[in-house]
Amino acid sequence: MPDLPRQLADLREPAEGLRELANASVQAFVRRAGELGAEHLTRLAVSPVVPDEKHVDCLQFTLSRGRWELVCVAIAKGEGKIRLVGPFKQGESETPCLDLPLRGSEVESALEDGIESLIRQACVG
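Computed from a prediction, not measured in an experiment: that's the story for all the values here.

Visitor: Requested: an account of helix H1 (residues 4-35), with residues and values cited.
Guide: If you check H1, its first and last C-alpha atoms are 45 Å apart, about what 32 residues at 1.5 Å a residue would give, namely 46 Å. Taking the largest bend as the criterion, H1 deviates by roughly 30 degrees, centred on arginine 12, and proline proline 14 comes between one and four positions later. Every buried residue of H1 is accounted for by Leu4, Leu11, Pro14, Ala15, Leu18, Arg19, Ala22, Val26 and Ala33. Backbone geometry just after H1 places glycine 37 at a positive phi near 80 degrees.

Visitor: I'd like to hear about the environment of phenylalanine 61, residue by residue, with values.
Guide: One can find phenylalanine 61 in strand E3 (residues 58-65). Those residues in contact with phenylalanine 61 that sit more than four places away from it in its chain are Ala15, Leu18, Arg19, Ala22, Val46, Ser47, Pro48, Val49, Leu70, Val71, Cys72 and Leu111.

Visitor: I'd like a description of the pattern of salt bridges, backed by residues and values.
Guide: Considering all chains together, one arrives at eight salt bridges under this definition. For arginine 12, the salt bridge goes to glutamate 16, with nearest N and O atoms at 3.2 Å. In this pair, arginine 12 and glutamate 16 are both assigned in helix H1, four residues apart and thus about one turn of the helix distant. With a relative accessible area of 25%, glutamate 16 lands in the partly exposed category.

Visitor: Run through the side chain of arginine 19, naming residues and quoting values.
Guide: In this fold, arginine 19 is placed in helix H1. Of the side chains with opposite charge, glutamate 16 comes closest to the buried, unpaired arginine 19, at an N-O distance of 5.2 Å. Within the local environment of arginine 19, its side chain forms a polar contact with the backbone oxygen of serine 47, the two atoms lying 2.9 Å apart. Excluding its chain neighbours within four sequence positions, the residues that come into contact with arginine 19 are Val46, Ser47, Pro48, Val49 and Phe61.

What counts and what doesn't
- Residues numbered from 1 in each chain as written.
- Predicted model: local features only at pLDDT ≥ 70, side-chain atom pairs only at ≥ 80, totals over all residues.
- Heavy atoms only, no water.
- Helix = DSSP H or I, 4+ residues; strand = E, 2+ residues; numbered from the N terminus.
- Expected span 1.5 Å × (residues − 1).
- Bend = angle between axes of the 7 residues up to and from the residue.
- Buried < 20%, exposed > 50% of the residue type's maximum accessible area, 1.4 Å probe, protein only.
- Contact = heavy atoms within 4.5 Å.
- Salt bridge = Lys/Arg side-chain N within 4 Å of Asp/Glu carboxyl O.
- Lys, Arg positive; Asp, Glu negative; His and termini not counted.
- Polar contact = N/O pair within 3.5 Å; in protein donor to acceptor, adjacent residues only side chain to side chain.

Right, dumping it as structure tokens:
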């Protein structure tokens, strides 16, 4: 894997951009929930972009609330892609999975939908 350092460097920018979008979305929700007196719903976290836990040719960041997670994985293979995993409860099946382009409105929209689903599921059960 002689190209691995370059491949990971090429993934860093799109992964960081999606992480920034995720963080902005979470912060907007946290602010609004706080304004409405629903502070108990505001315990959401967005991790930094880090090496993937399972594969050496990927980067990931995680959104979490309690035991619920949504994982965004940037994959170097081929032209590169993003895989959204979840939302799921930790310790349970890590599904659903959705493969998307590395950049663009399709992946941004899917990430926002995933965040909304994470919040809804984590806040009701």
